Number of protein chains: 2
Amino acid sequence: MTAPRRSFRRENPDARKDALIRAALSLIARRGPGAATVRAIAEEAGVTQGLIRHYFTTKEDLLNAAYQFHMQAQTEAIEGLVALGPAGARQRLARMVATSVSPPVAAPEALSLWAGFIHMVWRDPAMHATHERSYLRYRDLLQAHIASALDEAGRAVPPQEARTLAIACNAVLDGLWLEAGALPEAFGKGELVRIGLRSVGAILGLELSSDEAGA
Amino acid sequence: MTAPRRSFRRENPDARKDALIRAALSLIARRGPGAATVRAIAEEAGVTQGLIRHYFTTKEDLLNAAYQFHMQAQTEAIEGLVALGPAGARQRLARMVATSVSPPVAAPEALSLWAGFIHMVWRDPAMHATHERSYLRYRDLLQAHIASALDEAGRAVPPQEARTLAIACNAVLDGLWLEAGALPEAFGKGELVRIGLRSVGAILGLELSSDEAGA
DNA sequence: AAGGTAATTATGCGGACGTATAATTTCAGG
DNA sequence: CCTGAAATTATACGTCCGCATAATTACCTT
C-alpha cells in the first residue's frame, strides 16, 4: 500500500508567490522567525517544500520578498486611511496619529514581524535599503502633515524646524506603536490614541481632538 | 596522531554561568537569535558545549537567565546614572531622559537583544513576567520623577494624570530609543537627547535644558 | 602524597534544517 | 486526443541542531 501521489492544481505564478509570502509572514508574526522553516512555510501555503525553490532561488530570497511586501502594505495602509475623511490639515494629521497607533498598524503581529526581520535587515543590503526607504517615506509624510497643519494655523515653520518636529512626533508614534504591540492588554481602548493626539499636540502647540481623528 | 585532550581550568561556578550568559547575549546582539546555538555560545565563552548542560538544564533555561540578567543590568544602569549628579527634581528627570536615549541603553545591540527575545517573551510565562516587571519598574520610576518635577514647579498632579503623562513620556523615550538603535547613523550627536528633552518638556509644560542632563 | 569529587572535555544519537534533483502530473495548443 | 512544457510532488544528501552520556582532568581535602 504505497501512498498515492498527492494531487494538485496549477496556480497563477503570482498567486502562488503571494501565498508563499503570506505564509511566511504569518508564521513569523505568530510563532517567530525560527518557526518559518521551508517546510513549515510550504505546509502553511498548502504546497510541498520543493515548490518554494521553484519560485524563489533561496529561502533568503523569499524572506526578502516577504519583507518588501509587508513594508509596502503597511505604508500604503497608512497613506490610504489618512487620505480618507475630512480634508483639513489638522484633521489629516490627527488621522495619521490615530492610524499609526491603532490596529492593524499597531498590533502584536506587526511588532512581531518587525522584530523577526530586524536582524536580516542589518545583514542584507537590499533589506536595509527597503527598511530605510519605508522609514523615511513615513517620516516625510508625517513631516508634510505637520507642516501643513502648522501652516493652516498661521504658524509656518522652516524645513529644519519641521524635520526636528517630525522626528519628535515620529518618536512618540513609534513608542506608542511599540507599546501597543508589546503590552496590548495594558491600555484601555482608545487610550493610546488619546495619548498620541495629546502628546503630538503638545509638541506642536496644536489642539488635536479625538473627534477629528475618527474616520 | 590523535589530538591531545584540550586542557582547562576550573572556574567559579558563578563566573562560568556569567560567562555563558554574556556569550549568549553577545551572540544574539551581534548576529541574531538564530546564531545563538549551544555550540556557538560555548565557543564564544571559551568552553566546550557539554559544559552548558552542566550549568543549565536546557538551552531555554540559559536564555531565560540571560534575559533576566540583561533586563536587570539595563534597569540598574538607568537608575544608577539618574541618581548621580545634581539632585533637583527637574535635573533628575532630564538625566533620565538623556540616559534613556543614549548609549549604552539606546544602541543597536540593545535593540537587537530586545528583538531577539520578544518571541520567547510571549511564549514563556517566566520571561513574560520578567518583561512586564522591568517595563513597569521603568515607567514607575519615570512617573515618580515626573511627579516630583511638576511638584517642584508648584504644579502637583493627581496620580491618574501622572500615569497618563508617564505613558506619554515613556512613549517618546521608547520611540527615540528605537530609532537610535535602528538607524544610529541618521541622527547627529546629541540630537536625540535634545529632541527627547524638548518633547518631554512640551508634554509636561516644563523647560528641560540640555545642560541639566549632563552628568 | 593520595584519593575523591566535581568540573570539563569528548563522542554519539536522532531529528530537523536548507538545498538539490529526479519523478510525476496538470494543462494549454495543435 | 496528443504532446510538450511547466508546475508540482517526491526523495535524497550533507550539515547542524539540542541533548545525552561516557571519559578524563583539575583541584580540594586530609
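Residues numbered from 1 in each chain as written. Chains lettered and ligands numbered in written order. Predicted model: local features only at pLDDT ≥ 70, side-chain atom pairs only at ≥ 80, totals over all residues. Heavy atoms only, no water.

A look at the protein's contact with DNA strand C
Every one of the 25 residues lining DNA strand C counts as a neighbour, but Arg10(A), Lys59(A), Arg5(B), Arg10(B) and Arg16(B) are closest to it. If you look at DNA strand C and keep only atoms within 4 Å of the protein, 63% of those are sugar or phosphate atoms. Between DNA strand C and Arg9(B) there is a distance of 3.1 Å, counted from a phosphate oxygen to a backbone nitrogen or oxygen. Contributions of two or more residues to the surface near DNA strand C are made by helix H2 (38-45) of chain A together with helix H3 (50-55) of chain B. In terms of residue count, the dominant contributor to the surface near DNA strand C is H3(B) (four residues). (Near = heavy atom within 4 Å. Polar contact = N/O pair within 3.5 Å; in protein donor to acceptor, adjacent residues only side chain to side chain. Helix = DSSP H or I, 4+ residues; strand = E, 2+ residues; numbered from the N terminus.)

Notes on the interface of chain B and chain A
With 47 residues of chain B in contact, the opposing surface of chain A contributes 47 residues. Regarding the contact of chain B and chain A, the summed buried area is about 3,600 Å², with carbon and sulfur atoms giving 64% of it. If you look at where chain B meets chain A, you find four salt bridges. Across the salt bridge formed by Arg163(A) and Glu191(B), the nearest N and O atoms sit 2.7 Å from each other. Taken together, the links from chain B to chain A amount to 13 residue pairs in polar contact (both at pLDDT 80 or more). Elements with a minimum of two residues in the side of chain B that touches chain A: helix H1 (13-31), helix H6 (108-123), helix H7 (125-152), helix H8 (159-182) and helix H9 (191-204) of chain B. The element that contributes the greatest number of residues to the side of chain B that touches chain A is H8(B), accounting for 17 residues. Looking at the side of chain B that touches chain A residue by residue, the classes come out as 24 nonpolar, eleven polar and twelve charged. (Contact = heavy atoms within 4.5 Å. Buried area = accessible area lost by both parts, 1.4 Å probe. Salt bridge = Lys/Arg side-chain N within 4 Å of Asp/Glu carboxyl O. Nonpolar A, V, L, I, M, F, W, Y, C, P; charged D, E, K, R; others polar.)

Section: the domain arrangement of chain A
Residues and elements named next belong to chain A. When its domains are assigned, chain A resolves into domain 1 (11-56) and domain 2 (60-213). Just the C-alpha atoms count here: the centres of domain 1 and domain 2 sit 29 Å apart. Facing twelve residues of domain 1, the contacting portion of domain 2 comprises twelve residues. If you sort the residues of domain 1 by the area they bury against domain 2, Leu-25, Ile-28 and Phe-56 come out on top, with a joint share of 47%. Between domain 1 and domain 2 we count zero salt bridges in total. A per-element tally of the side of domain 1 that touches domain 2 places helix H1 (residues 13-31) first, with eight residues. Across the side of domain 1 that touches domain 2, the residue classes tally to ten nonpolar, no polar and two charged. (Domains from an automatic or database assignment.)

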